Amino acid sequence: MEKLVINGGNKLNGSVEINGAKNAAVAILPAAVAASKGKCLIDNIPDIEDVHCLERILLSLGCKLNKIDNNTLEIDSTEVHTYDACTEDVRRMRASYYFIGALLTRFKEARVELPGGCPIGVRPIDQHIKGFEALGADVTIEHGAVKVKAEKLVGTNIFFDVVSVGATINVMIAAILAEGITTLENVAKEPHVVDVANFLNSMGADIKGAGTDVIRIKGVEELKGCNYSVIPDQIEAGTFMIAAAATKGDVTIKNVIPKHLESISAKLTEMGAEVEEGDDSVRVKYSGKFKGINVKTMPYPGFPTDIQQPMSSLLSVVPGRSIITESIWESRHKHIDELKKMGADIKVEGRVAIIDGVNKLTGATVKATDLRAGAAMVIAGLVAQGETHITDIEHIDRGYPHIENKFRDLGANIIRVEVDE
Ligand code: EPZ
């Protein structure tokens, strides 16, 4: 076991390179299984535990992997020999459910253990199932696994009851080899939905409209390998933007798509930070005066739920009152108890956190209760006086590549240490 130890108080300065998007990569890797010919050469893959987990699942299905470097992977799925993904790795992570869509579209059959992931609320997959059934699959849940089987998949119109990133991507993948045309309505528009659609199109799929409310998929006969580069991570970028503001620093965040960061830039600007957009970078600078703000999480292009927890660390040291309303997940305020151990003044009422900014946080031993909660603790530790010890950092490693090195390069005093079990 490991923990992060931070000696807070250093202003962050300099520049940081953002890696490929976790939530795009964790869908693209499973989707590569749909290619029956050729190899997929994918780069800008983040070097994170969720990706390592997917690599093990791909191997268990019979894919051949050639790891070119830490961020580039060649996947040959021509000899996939099982439709059964039921391993400890599958149970451990959320995105393993994308194997259902990928195996279903190619083999018309799959058995995939129900997924795990961050404990941030009830995480149903009813909309995924609704989509698979509408395409013609029989879906059953037996012994903790989802079983899907179809004589054939036929395109149809599907209107999702809720806007779901996972259901949009999974059903889009399932429909690429279906007969005829599938129309998905009320879909998620997140940048990673568009990225997965672009990847599938590079493999030969015919998908239009990703990034709008309606996605139209014309079924094709087969998919083949391709070369693809994953988009930059909107959430990793947002985390560094918030950390820059929280430490009253001056940081240029490089290799980003500024358009994807607009909702975060807008809130930081409203709070009083200076945000400068470049072509593929954003610079966040302390302006001398911050004030409390209200933030409500919404599907893209709204303020991302995945940035809400880091934002609460920042707002806990911003003068005045801030209110954060979490509208996507019902239990995404668990990190608040940890922030309170550091002196934050926050009340949680249901999905709302009322934050009264304090002059300082003080170092404490705190837990990363989930992935983004872990990022929130790192930001709190960077700001706090004295030493902060963050435990349970395996959550952080699932989604942030080499987080301590990146913060250290910006001037933070942060180290990773082994702890006795
Ligand atoms: C994805 O989760 C992300 N994970 C999450 O990021 C992110 O918080 C979330 O989208 C929202 O942006 C991955 O991409 C791997 P949803 P997902 O389906 O797809 C309800 C992180 O920190 N819903 O968009 O599981 C659901 O309960 C992670 O990187 C249904 O009701 O989220 C929620 O309220 C955490 N039925 C809402 O929709 C369904 O079938 C949005 O969930 C599916 C979802």
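Provided above is the structure to which this section pertains.
Since the structure is predicted, the reported quantities are computational estimates derived from the model, not experimental observations. (Residues numbered from 1 in each chain as written. Predicted model: local features only at pLDDT ≥ 70, side-chain atom pairs only at ≥ 80, totals over all residues. Heavy atoms only, no water.)

On a plain count of helices and strands, the protein comes out with 14 helices and 24 strands. On C-alpha atoms alone, the protein measures out to a radius of gyration of 21 Å, which is about the 22 Å that the 2.2 N^0.38 rule sets for 421 residues. Structurally, the protein occupies a C-alpha span of about 65 × 45 × 40 Å along its principal axes. Here the protein, with 421 residues, has 57% of them falling under the buried criterion. In the protein, 73% of the contacts between residues at least 6 apart in sequence involve partners at least 24 apart. Surface exposure of the protein reaches about 15,800 Å², of which carbon and sulfur atoms provide 48%. Charge-centre separation for the protein: the mean point of 47 positive side chains lies 3 Å from the mean point of 58 negative side chains. (Helix = DSSP H or I, 4+ residues; strand = E, 2+ residues; numbered from the N terminus. Rg over C-alpha atoms; globule rule 2.2 N^0.38 Å. Buried < 20%, exposed > 50% of the residue type's maximum accessible area, 1.4 Å probe, protein only. Contact = heavy atoms within 4.5 Å. Areas by Shrake-Rupley, 256 points an atom, 1.4 Å probe, with all protein chains shown as cover. Lys, Arg positive; Asp, Glu negative; His and termini not counted. Charge placed at Lys NZ, Arg CZ, Asp CG, Glu CD.)

Bringing the sheet that holds strand E16 (residues 274-277) into the picture now. Sheets are built from strands paired through backbone hydrogen bonds, the pairs being either parallel or antiparallel. The sheet built from four strands is open, its strands ordered E2-E15-E17-E16 with mixed pairing. Every other strand in the sheet has two partners, leaving strand E2 (13-17) and E16 as the edge strands with one partner each. Adjacent strand axes in the sheet meet at a mean angle of 15° when their direction is disregarded. (Pairing = 2+ DSSP bridges. Axes fitted to C-alpha atoms, helices over the stretch in contact; angles between N-to-C directions.)

Let's shift gears to the nonpolar core. Membership of the largest hydrophobic core comes to 80 residues, with the highest contact counts inside it found for Phe 199 and Leu 200. With 66 residues, the next largest nonpolar core counts Leu 314, Ile 336, Met 342 and Ala 344 among its residues. (Core = buried A, V, L, I, M, F, W, Y, C linked by side-chain atoms within 4.5 Å.)

Moving on, we get to the site of the ligand. Surrounding the ligand, one finds 24 residues, the nearest of these being Ser 164, Val 165, Asp 306, Ile 328 and Arg 372. A distance of 3.3 Å separates an oxygen atom of the ligand from a polar atom in the backbone of Pro 124. A distance of 2.8 Å separates an oxygen atom of the ligand from a polar atom in the backbone of Gly 166. For the ligand, the accessible surface in isolation is 840 Å², of which the surrounding protein chains cover 90%. If you list the elements that add at least two residues to the shell around the ligand, you get helix H1 (22-31), helix H5 (126-134), helix H6 (165-175), helix H10 (305-315) and helix H12 (371-383). Here the shell around the ligand gets three residues from one element, more than from any other, and that element is H5. Split into classes, the residues belonging to the shell around the ligand amount to eleven nonpolar, six polar and seven charged. The residue makeup of the shell around the ligand includes at least three contributed by each of domain 1 (2-19 + 232-418) and domain 2 (22-229). (Near = heavy atom within 4 Å. Polar contact = N/O pair within 3.5 Å; in protein donor to acceptor, adjacent residues only side chain to side chain. Nonpolar A, V, L, I, M, F, W, Y, C, P; charged D, E, K, R; others polar. Domains from an automatic or database assignment.)

All right, on to the pairing of strand E3 (residues 40-43) then. By the alternation rule, side chains of E3 split into Cys 40 and Ile 42, which are all buried, and Leu 41 and Asp 43, of which none is buried. Taken together, the three bridges between E3 and strand E5 (residues 72-76) define a ladder with antiparallel strand orientation. Across the sheet, residue Ile 42 finds its bridge partner in E5, namely Leu 73. Two elements, E3 and strand E14 (residues 227-229), share three bridges in a ladder whose sense is parallel. Bridge pairing in E14 links Ile 42 to Tyr 228.

What follows is about the side chain of Asp 89. Position of Asp 89 among the secondary structure elements: in helix H3 (residues 88-92). By relative accessible area, Asp 89 is classed as buried at 12%. Residues within four places of Asp 89 in sequence aside, it is in contact with Cys 53, Arg 56 and Ile 57.

Our next topic: the packing of H1 against helix H7 (residues 191-202). Between H1 and H7, whose axes approach to 9 Å, the crossing angle comes to 30°. What the angle tells us is that H1 and H7 run roughly parallel. With respect to the hand of their crossing, H1 and H7 are arranged in right-handed fashion. Judged by residue contacts, Asn 23, Ala 24, Ala 27, Ile 28 and Ala 31 of H1 engage His 192, Asp 195, Val 196, Phe 199 and Leu 200 from H7. Grouping the amino acids of the contact of H1 with H7 by side-chain chemistry returns seven nonpolar, two polar and one charged. (Parallel < 35°, antiparallel > 145°, perpendicular 65-115°, else oblique. Left-handed = near helix turned anticlockwise from the far one by under 90°.)

The analysis is restricted to geometry; functional conclusions fall outside its scope.
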